[in-house]
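Each chain, written out:
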Amino acid sequence: MRIDIIGAGALGLLYAGKLAAAGVKIRLWVRRPESADILRRKGITVKEQNGESLHMKYPGFDVQLMKNWPPAVQTGDWVFLMTKQNGVREAVECMAKGAGKNLHIVSMQNGIGHTDTIAKYLPYASIYPAVTTEGARRSGEVVVEHAGKGVTELGGALRGDSGSVQPFSTAGREKLLADKLTEAGFETRLSENIEKSIYRKLLFNAVINPLTAIWRVPNGELLSSPERMDMLRQLYDESIRIFESCGIGWQAEWWEELLQVCRNTAFNCSSMLADVMAGRRTEIEAINGQFIRLAREAGVDAPLHKAIRDIINGMPYIQGGNG
Ligand SMILES: NC(=O)C1=CN([C@@H]2O[C@H](COP(=O)(O)OP(=O)(O)OC[C@H]3O[C@@H](n4cnc5c(N)ncnc54)[C@H](OP(=O)(O)O)[C@@H]3O)[C@@H](O)[C@H]2O)C=CC1
Ligand SMILES: CC(C)(CO)C(=O)C(=O)O
């Protein structure tokens, strides 16, 4: 199997390193020549939580510059789009230079909106939305910590030309991919209802991420005072009201599950807190910004999401930060 991975950040390095070690032909696409140089010189190191680490040397995987897309040799069986939300457009604009017809793109971004962007630029590509609870944290340009083992759910293909979701054939390419990912150490399931998982994760990210970023606390600290719990609940309730106004299904257990995510990741910094601390742009527009859009479309208010989005967008931003 051949996989093109776009973006050598935390998740891109984690998947590239472990899949290459499992015998998949990996071609990693980066936008900066310095990233390509260091990957060729130093390879990829993946550090597991149990102290083990994996080192994949170049040319055990290939590295290419994004500006050279489309690849001279055929595209992979799969393309994993591993940029942040705010890198998606630049990446797919670049990919649109090549024929998009045979592309099978797996997108793992938090938030929503990215599949529309991919479909707009690559209407003939098959887009597979995925939701992962794997945790990856970069501790150097080419070193990634596998901060938490999770589960990846892979949805059915969407296409921009028809907008339809194609059903799975269990003997098909999706199953081969899920099996290969599982063999490489990423437990992966095919999902017939990926939308539900996407909205569930959107909700968790919309509540946990901005509050941890504003209060500068790890996830578990959100549960440590009545004031924080109250704010968590208000933001959750507003989100559920928006889901209901839009006819988006939800489940009563999600509140307890959200609290459990905070407990399970108690000592972790959310991705938004990490972005804010590093002066990078956050994914707020793809998360809370999307709740504001949904509310607007349904003709209801989203005062908390609006306030929180503005607070996060007002955080100091260092020009040139990633994304
Ligand atoms: N990390 C995690 O544990 C998880 C992450 N996710 C989601 O996955 C996505 C990726 O997250 P993560 O890996 O942490 O993010 P990172 O910021 O670590 O990595 C993003 C990478 O994308 C690269 N990039 C941006 N634009 C382009 C482009 N046009 N062409 C090629 N590369 C590009 C960046 O390159 P450069 O170095 O040049 O800036 C950077 O290396 C996010 O949406 C996140 O929410 C979901 C679940 C878990
Ligand atoms: C679930 C959560 C909040 C875990 O930290 C996450 O997905 C993130 O940090 O983006």
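Residues numbered from 1 in each chain as written. Chains lettered and ligands numbered in written order. Predicted model: local features only at pLDDT ≥ 70, side-chain atom pairs only at ≥ 80, totals over all residues.

Going by an unreviewed UniProt entry, the chain carries the name 2-dehydropantoate 2-reductase and comes from Paenibacillus medicaginis. Regarding the chain, the UniProt comment filed under Function (unreviewed entry) reads as follows: "Catalyzes the NADPH-dependent reduction of ketopantoate into pantoic acid." (UniProt positions renumbered as here; feature names shortened; annotations may be inferred.)

**Q** What is the right way to read the site of ligand 2 from this model?
**A** Around ligand 2 lies a shell formed by Asn-110, Phe-204, Asn-205, Ile-208, Asn-209, Asn-219, Val-261, Thr-265, Asn-268, Ser-270 and Ser-271. The element contributing the most residues to the shell around ligand 2 is helix α6 (residues 194-215), with four residues. (Near = placed C-beta within 6 Å. Helix = DSSP H or I, 4+ residues; strand = E, 2+ residues; numbered from the N terminus.)

**Q** Whenever I open this one, the site of ligand 1 confuses me. Can you help?
**A** Taken together, 32 residues form the shell around ligand 1, and within it Gly-7, Gly-9, Gly-87, Gln-109 and Asn-110 come nearest. Broken down by secondary-structure element, the contributors of at least two residues to the shell around ligand 1 are α1 (10-21), β2 (25-30), α3 (85-95) and β9 (135-140). No other element matches the four residues that α3 contributes to the shell around ligand 1. Grouping the constituent residues of the shell around ligand 1 by class yields eleven nonpolar, 14 polar and seven charged. (Nonpolar A, V, L, I, M, F, W, Y, C, P; charged D, E, K, R; others polar.)

**Q** Sorry if this is basic, but what is going on with the domain arrangement of the chain here?
**A** The figure often quoted for interface size is the accessible area lost as the parts come together. Partitioning the chain into domains gives domain 1 (2-192) and domain 2 (196-313). Listed as interface residues are 16 residues of domain 1 and, on the opposing side, 13 residues of domain 2. At the level of secondary structure, the elements contributing two or more residues to the side of domain 1 that touches domain 2 comprise α3, β8 (126-132) and β10 (143-148). (Domains from an automatic or database assignment. Contact = placed C-beta atoms within 7 Å.)

**Q** How should I be thinking about the sheet that holds strand β4 (residues 53-56) in this particular structure?
**A** Strand pairs in the sheet, formed through backbone hydrogen bonds, run parallel or antiparallel to each other. One open sheet holds the four strands; their spatial order is β4-β3-β10-β9, and the pairing between them is mixed. Of all the strands in the sheet, the pair left with one neighbour each is β4 and β9. The average angle at which neighbouring strand axes cross in this sheet is 20°, direction not considered. In this structure, strand β3 (residues 44-47) lies alongside β4, joined through four bridges in antiparallel fashion. Along β4, the bridge assignment pairs Thr-45 with His-55. (Pairing = 2+ DSSP bridges. Axes fitted to C-alpha atoms, helices over the stretch in contact; angles between N-to-C directions.)

**Q** Could you clarify how one ought to interpret the UniProt feature "domain: Ketopantoate reductase C-terminal" (unreviewed entry) in the chain in this entry?
**A** The sites that UniProt annotates as "domain: Ketopantoate reductase C-terminal" (unreviewed entry) are residues 193-314. Helix makes up 68% of residues 193-314 and strand 0%, with an end-to-end C-alpha separation of 36 Å.

**Q** Looking at this structure, I do not really get the nonpolar core. What am I missing?
**A** Side chains of nonpolar character tend, in soluble globular proteins, to be buried together. Membership of the largest hydrophobic core comes to 85 residues, with the highest contact counts inside it found for Ile-5, Ala-16, Leu-28 and Phe-80. Take this core: its biggest share by element is ten residues, from α6. The residue makeup of this core includes at least three contributed by each of domain 1 (2-192) and domain 2 (196-313). Not counting residues up to four positions away in its chain, the partners in contact with Leu-28 are Ile-5, Ala-8, Gly-12, Ala-16, Leu-39, Phe-61, Asp-62 and Val-63. (Core = buried A, V, L, I, M, F, W, Y, C linked by C-beta atoms within 7 Å. Buried ≥ 20, exposed ≤ 12 C-beta atoms within 10 Å, placed from the backbone.)

**Q** So what exactly am I meant to see when it comes to the environment of Ala-8 here?
**A** Here Ala-8 is to be found in the loop between β1 (2-6) and α1. On the neighbour-count criterion, Ala-8 (26 C-beta atoms within 10 Å) is buried. Each C-alpha atom of the pair Ala-8 and Phe-80 lies 11 Å from the other, and the pair is 72 residues apart in sequence. Contacts of Ala-8, omitting those with residues within four sequence positions, involve Leu-13, Ala-16, Leu-28, Val-30, Ser-35 and Leu-39.

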